[in-house]
Amino acid sequence: MSEPARAFRFAVNVTPKPGILDPQGKAVERSLPHLGIAGVTGVRVGRRVEMTVAAADEAAARAIVDRLAGELLSNPLMEQFAVEPLGETTASAVAGVGG
């Protein structure tokens, strides 16, 4: 009999690779002096995707997230990603129960 699936939460943070033009980041950076904010440089704008993954263990869930991040959520030519584990959650989160 197979082990029941557990539910794990992850966040994938996707940002432009170093050296890749980031117009949104530059726009934010240029706006800072108008707000009276000094000393902030190197602004990079990206996106964050959070998900719950059902798997036998955290390593198996992480493998799924790594694949999604590399093949679907980011453009490997222009973007980099970092996976952030957010911990185990309840099985009902996987089924979409209660929320």
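Residues numbered from 1 in each chain as written. Predicted model: local features only at pLDDT ≥ 70, side-chain atom pairs only at ≥ 80, totals over all residues. Heavy atoms only, no water.

A. Quick peek at the overall build of the chain. Check the secondary structure of the chain and you find 3 helices and 3 strands. From first element to last, N terminus to C terminus, the chain shows the α and β order β-α-β-α-β-α. Taken over 99 residues, the chain has a buried fraction of 22%. Per element, the accessible surface of the chain, about 6,600 Å² overall, is 59% carbon and sulfur. (Helix = DSSP H or I, 4+ residues; strand = E, 2+ residues; numbered from the N terminus. Buried < 20%, exposed > 50% of the residue type's maximum accessible area, 1.4 Å probe, protein only. Areas by Shrake-Rupley, 256 points an atom, 1.4 Å probe, with all protein chains shown as cover.)

B. Spotlight on the pattern of salt bridges. Counting across every chain of the model gives 7 salt bridges. Across the salt bridge formed by Glu-71 and Arg-67, the nearest N and O atoms sit 3.2 Å from each other. Of this pair, Glu-71 and Arg-67 both sit in helix 2 (residues 58-73), separated by 4 residues, roughly a single helical turn. The pair Glu-71 / Arg-67 is uniform in exposure class, with both members exposed. (Salt bridge = Lys/Arg side-chain N within 4 Å of Asp/Glu carboxyl O.)

C. Fine view of the side chain of Ser-74. Checked against the element boundaries, Ser-74 lands in the loop between helix 2 and strand 3 (79-89). Within polar-contact distance, the side chain of Ser-74 engages the backbone oxygen of Ala-69 at 2.6 Å. Beyond its immediate sequence surroundings of up to four residues, Ser-74 is in contact with Val-14, Arg-47, Ala-69, Glu-79 and Phe-81. (Polar contact = N/O pair within 3.5 Å; in protein donor to acceptor, adjacent residues only side chain to side chain. Contact = heavy atoms within 4.5 Å.)

D. Summary view of the sheet that holds strand 3. The 3 strands lie next to each other as 2-1-3, forming an open sheet whose pairing is antiparallel. Edge positions in the sheet fall to strand 2 (47-55) and strand 3, since each has one partner strand and no second. Averaged over neighbouring strand pairs, the angle between their axes works out to 25 degrees when direction is ignored. When strand 1 (residues 6-16) meets strand 3, the two strands line up antiparallel, connected through 10 bridges. Bridge pairing links Ala-11 to Glu-84 in strand 3. Where helix 2 meets the sheet, it contacts strand 1, strand 2 and strand 3, and its direction lies at approximately 140 degrees from that of strand 2. (Pairing = 2+ DSSP bridges. Axes fitted to C-alpha atoms, helices over the stretch in contact; angles between N-to-C directions.)

So far we have only geometry, and geometry alone does not tell us how the molecule works.
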